Amino acid sequence: MSDGKLVQWDLTRLYGSPDDPSLEEDIRILISESDKLIKDFKGRIQTESVKASELKIAIEREEDLMNRFLRLSMFSFLSHSTDSKEPAVQKLLRKIDDLESQLESKLLFLKLELSKVSEDFFNSLMNSTELADYRHHLDLIRTQRKHMLSEPEERIMVLKEITGKKAILNLYDEFTSSFTYRITTGASEETLTESEVETLRRDHDSELRKKAFESLFRKAKENSIVLTNLYNSLSRDWDLEADKRGYDSPISMRNELNEVSDEAVNCIIDATTDGYSVVHDYYRLKAIIMGREALLHSDIYAPVGTSDRTFDWQEAKKMILEVMGNFDPRIESIVARFFDEDYIHGSIMPGKRSGAYCAYASPRMHPYVLVNYNGKMSDVLTLAHELGHGLHGVLASKQTLVNYDTPLTMAETASVFSEMLMTDFLLKNIEEREEKISFLVNRIEEIFATTARQNMFTRFEISAHEKMSGEYLAFEELSELYSKELKLMFGDTVDFLPESEFEWARIPHFFHTPFYCYAYNFAQLLVISLYRKYLEDGAVFRRKYIALLESGGSESPKSLLQKVGIDVSDPVFWQKGISFIKENFLDTLRKMI
């Protein structure tokens, strides 16, 4: 940390250690109580011999089980994120993965039996007062039932994940987290973590940026046999399931999970692709600012200006709390708890996962945030972003478990909104022209990273999955597909390096969560609209925004957003988001040059 202090979270609120006896006790309770739930309800739902009040009890008991399990899951995941090489942590993670599959297999009957009841009986459940809080949950089951398989098939798919997809993802995580990078900085060669090398990509020294870029991307090429096999296996696993369930395309399965139509997703992809001209205009302007005829790919995050301003942890905390307090005092107090009660892991250390995330899984547990804080202004914004997720998790905790989590399309709303609040605050408080230009450059690039870049990722995934449906794709073939999308996004404004096309193999979402990436783009353009409404409506908007976050996943995104005056099926809505980026960021920068 820049102020010399370790910032680590306190997981003892969950369990004392991987060897805590209460872990085994909770596992015993889960197995016992899930067997009792099966005994009490299996077979009664599909024969329509259960009352609405009894079904409510069944759902509540399922929620109790899953809340207990999620405590175990969160502890093992968080522990692994900061100490992936510890054998006891690795063993616990595998054990919880196995337990998850076992529980999912046991509890499948609730959803499957509900999917088989008659329309009249289903409607009677939907209209009952006892199940009023679970109507959206029931409606999702009704929507998804045409894609459900038989119970034996569903059970086999769940159980096979233990030695299939989950095992492969565990291998991927441990394999990539073990990567180190040797780079010559100054007169000496250093061994660095991925997070440290990523920081060098924003260094003022162009040669050092290039070394960092080449080192990161070359690592993917050096490990191409493993990474290519992992990607093919995981992607084809997704595609086979989508086909077996009767979806029109691999991305359609994700879209339904996100509760958004294929048409709406195509609309945002098309609008963002059409808006690549804004990306081209920006990088031509940046080349002029940097005195270059053209930029290298390693220069896309090059800092502009001489500002090397950094913020220690306490400065970052103070700024973020001030911004949140200016928006709403209640939000400030919620965010303050993350700092004051050790719900954040911020220090960079060996064996720690790179990047950043916020983990919130259950309304009965406070969220945790992981960042790799290095003191840069971008690190402050990343911290604000993840705390936005945490805020969403806290506010939504008034919901029951099945209504708690949001689909991916809504999951980035509070995080990106928090970034926008921080951006506005910093722009107003930076006095020096050069520093303001530097900040604007950084923010435009960060916005492109969550819009155009995520769109590029999604287009690559669509192409890759389309081709992989019938054949194995080699590293070179995947790299060629990725190169095509890179060139479309950047046009002729960037000179690519030989390593540029290897970047696809460094994107964790491609492996973990196929077609996740458009959710970032969805959220960024959505939040731009929300932020405009905030600037226009002030206090009225604040109440609606907080209510939106408190709603969690209790309604569909379409229904929730209609309450704040947004129609995601309108192409003009997305186009306005692209125009806002140009008019409020790029044009502002152009006037300052």
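Residues numbered from 1 in each chain as written. Predicted model: local features only at pLDDT ≥ 70, side-chain atom pairs only at ≥ 80, totals over all residues. Heavy atoms only, no water.

**Q** Sorry if this is basic, but what is going on with the overall build of the chain here?
**A** Scanning the chain from terminus to terminus reveals 26 helices and seven strands. Computed over C-alpha atoms, the radius of gyration of the chain comes to 24 Å, within 12% of the 25 Å expected from 2.2 N^0.38 for 593 residues, which places it in the range of a compact globule. Per-residue burial for the chain yields a buried fraction of 56% across its 593 residues. Once local pairs closer than 6 in sequence are excluded, the contacts in the chain between residues at least 24 apart make up 77%. On the chain, the mean spot of the 74 positive side-chain charges and the mean spot of the 99 negative ones are 2 Å from each other. (Helix = DSSP H or I, 4+ residues; strand = E, 2+ residues; numbered from the N terminus. Rg over C-alpha atoms; globule rule 2.2 N^0.38 Å. Buried < 20%, exposed > 50% of the residue type's maximum accessible area, 1.4 Å probe, protein only. Contact = heavy atoms within 4.5 Å. Lys, Arg positive; Asp, Glu negative; His and termini not counted. Charge placed at Lys NZ, Arg CZ, Asp CG, Glu CD.)

**Q** Any chance you could explain the environment of Leu92 here in plain terms?
**A** Tracing the sequence through the fold places Leu92 in helix 3 (residues 87-116). A residue is classified by how much of its surface remains accessible, and Leu92, at 8% relative accessible area, is buried. Taking the C-alpha atoms as reference points, Leu92 and Asp19, separated by 73 residues in sequence, lie 8.7 Å from one another. Those residues in contact with Leu92, other than ones at most four positions away along the chain, are Pro18, Leu23, Phe75 and Ser76.

**Q** Honestly, the pairing of strand 2 (residues 188-192) in this entry has me stumped. Any pointers?
**A** Successive side chains on a regular strand alternate, one facing one side of the sheet and the next facing the other. Note: strand 1 (residues 181-185) against strand 2, five bridges, orientation antiparallel. Looking across to strand 2, one finds that Thr184 is bridged to Glu189. In textbook terms, the turn of a hairpin is the stretch between consecutive antiparallel strands, and for strand 1 and strand 2 this stretch comprises two residues, one of which, Gly186, has a positive phi near 75°. (Pairing = 2+ DSSP bridges.)

**Q** Would you mind showing me how to read the packing of aromatic side chains here?
**A** For any pair of aromatic rings, the description consists of the separation of the ring centres together with the inter-plane angle of the planes. On inspection of all chains with the given rule, the structure shows 40 aromatic pairs. With centroids separated by 6.0 Å and ring planes inclined at 45°, the aromatic side chains of Tyr534 and Phe541 adopt a geometry described as tilted. Grouping residues by exposure puts Tyr534 and Phe541 together as buried. Members of the aromatic cluster, each reached through a chain of ring pairs, are Tyr172, Tyr231, Phe457, Phe460, Phe475, Tyr482, Phe502, Trp504, Phe510 and Phe511. Sitting over the face of the ring of Tyr301, Arg202 holds its NZ or CZ atom 4.5 Å from the ring centroid. Directly above the aromatic system of Phe179 lies the positively charged group of Lys219, at a separation of 5.7 Å from the ring centroid. (Phe/Tyr/Trp six-rings, centres within 6.5 Å; stacked < 30°, edge-to-face > 60°. Lys NZ or Arg CZ within 6 Å of the ring centre and 35° of its normal.)

**Q** What is the right way to look at helix 14 (residues 313-327) in this model?
**A** The periodicity of an α-helix, 3.6 residues per turn, causes residues three or four places apart in sequence to face the same way. Spanning 15 residues, helix 14 covers 21 Å between terminal C-alpha atoms, matching the ideal 21 Å at 1.5 Å per step. Listing the buried residues of helix 14 in full gives Trp313, Ala316, Lys317, Met319, Ile320, Leu321, Val323, Met324, Gly325 and Phe327. The residue sitting at the N-terminus of helix 14 and contributing the capping side-chain oxygen is Asp312; that oxygen lies 3.1 Å from the backbone nitrogen of Gln314. (Expected span 1.5 Å × (residues − 1). Polar contact = N/O pair within 3.5 Å; in protein donor to acceptor, adjacent residues only side chain to side chain.)

**Q** Explain the layout of surface pockets here, please?
**A** If you roll a probe as big as a water molecule over the atoms, it shows you where there is empty space left. Taken as a whole, the second largest pocket encloses approximately 410 Å³ of empty space. Forming the walls of the second largest pocket are 20 residues, and the residues nearest its centre are Asn255, Glu259, Val260, Ser261 and Lys558. For the lining of the second largest pocket, the elements supplying multiple residues, two or more each, are helix 5 (135-144), helix 11 (250-257), helix 12 (262-274) and helix 25 (557-562). Considering only residue class, the lining of the second largest pocket consists of six nonpolar, eight polar and six charged. (1 Å grid on protein atoms, 1.4 Å probe; cavity = no way out; pocket = protein on both sides within 12 Å on 5 of 7 lines; lining within 4 Å. Points joined across faces, edges and corners; volume = space filled by probe spheres on them. Nonpolar A, V, L, I, M, F, W, Y, C, P; charged D, E, K, R; others polar.)

**Q** Can you help me understand the pattern of salt bridges in this one?
**A** The tally for this structure, following the rule as stated, stands at 47 salt bridges. Residue Glu341 is joined to Arg337 by a salt bridge in which the shortest nitrogen-to-oxygen separation is 3.0 Å. Residue Glu341 is classed as partly exposed on the basis of its relative accessible area, which comes to 28%. Taking the relative accessible area as the measure of exposure, Arg337 reaches 35% and is therefore partly exposed. Where salt bridges share partners, they join Glu119, Asp139, Arg142 and Arg145 into one cluster. (Salt bridge = Lys/Arg side-chain N within 4 Å of Asp/Glu carboxyl O.)

**Q** Looking at this structure, I do not really get unusual backbone geometry. What am I missing?
**A** Outside of glycine, negative phi angles account for most residues, and trans bonds account for most peptide bonds. The phi dihedral of Glu259 is positive, around 60°, even though this residue is not glycine. Note on placement: Glu259 falls in the loop between helix 11 and helix 12. In this model, Phe515 sits at a positive phi of 65°, which is unusual for a non-glycine residue. With respect to the helices and strands, the residue Phe515 is situated in the loop between helix 22 (508-512) and helix 23 (518-537).

**Q** Whenever I open this one, the side chain of Glu256 confuses me. Can you help?
**A** Residue position: Glu256 is located in helix 11. Lacking a salt bridge, the buried Glu256 has Lys146 as its closest oppositely charged neighbour, with an N-O distance of 5.6 Å. Apart from the residues lying within four places of it in its own chain, the contact partners of Glu256 are Thr143, Gln144, His147 and Tyr247.

**Q** Quick question: what am I supposed to make of the sheet that holds strand 6 (residues 368-370) here?
**A** In sheet architecture, strand pairing relies on hydrogen bonds along the backbone and comes in two forms, parallel and antiparallel. Spatial strand order, 4-6-5: three strands in an open sheet with mixed pairing. Both outer strands of the open sheet, strand 4 (344-345) and strand 5 (357-359), are each paired with one neighbouring strand and no more. Two strands pair when backbone bridges link them, and strand 4 and strand 6 are joined in this way by two bridges, in the parallel orientation. Directly across from Ile344, in strand 6, lies its bridge partner Val369.

**Q** What should I look at first to understand empty space enclosed by the protein in this one?
**A** By the definition in use, this model includes two cavities of 30 Å³ or more. What the largest cavity holds in volume is close to 80 Å³. Around the largest cavity, the lining is made up of 14 residues, and of these Ile300, Tyr301, Arg453, Met489 and Phe490 lie nearest the centre. In this structure, the second largest cavity spans a volume of roughly 60 Å³. Around the second largest cavity, the lining residues are Thr272, Gly275, Tyr276, Val278, Val279, Phe448, Thr451, Ala452, Ile578 and Ile581. Elements with a minimum of two residues in the lining of the second largest cavity: helix 13 (276-289) and helix 26 (571-592). Looking at the lining of the second largest cavity residue by residue, the class counts come to seven nonpolar, three polar and no charged.

**Q** Any chance you could explain the packing of helix 14 against helix 16 (residues 377-395) here in plain terms?
**A** Between two packed helices, what matters for the description is the angle formed by their axes and the separation of those axes. Interaxial distance between helix 14 and helix 16 falls to 10 Å at its minimum, and their mutual angle equals 50°. Classed by the angle they form, the pair helix 14 and helix 16 counts as oblique. Here helix 14 runs over helix 16; the crossing is right-handed. Two secondary-structure elements touch here, helix 14 through Trp313, Ala316, Met319 and Ile320 and helix 16 through Val380, Leu383, Ala384 and Leu387. Across the contact of helix 14 with helix 16, the residue classes tally to eight nonpolar, no polar and no charged. (Axes fitted to C-alpha atoms, helices over the stretch in contact; angles between N-to-C directions. Parallel < 35°, antiparallel > 145°, perpendicular 65-115°, else oblique. Left-handed = near helix turned anticlockwise from the far one by under 90°.)

**Q** When you look at the nonpolar core in this model, what are you seeing that I'm missing?
**A** Soluble globular proteins tend to pack their nonpolar side chains together in the buried interior. Ranked by internal contacts, the top residues of the largest apolar core, which has 182 residues, are Ile320, Leu383, Phe417, Trp504 and Phe511. In terms of residue count, helix 2 (residues 52-82) provides more of this core than any other element does, 11 residues in total. Not counting residues up to four positions away in its chain, the partners in contact with Phe511 are Leu169, Tyr172, Leu227, Leu230, Tyr231, Leu234, Trp504 and Ala505. Counting 12 residues, the second largest nonpolar core, distinct from the first, contains Ile183, Leu200, Leu208 and Ala212. (Core = buried A, V, L, I, M, F, W, Y, C linked by side-chain atoms within 4.5 Å.)

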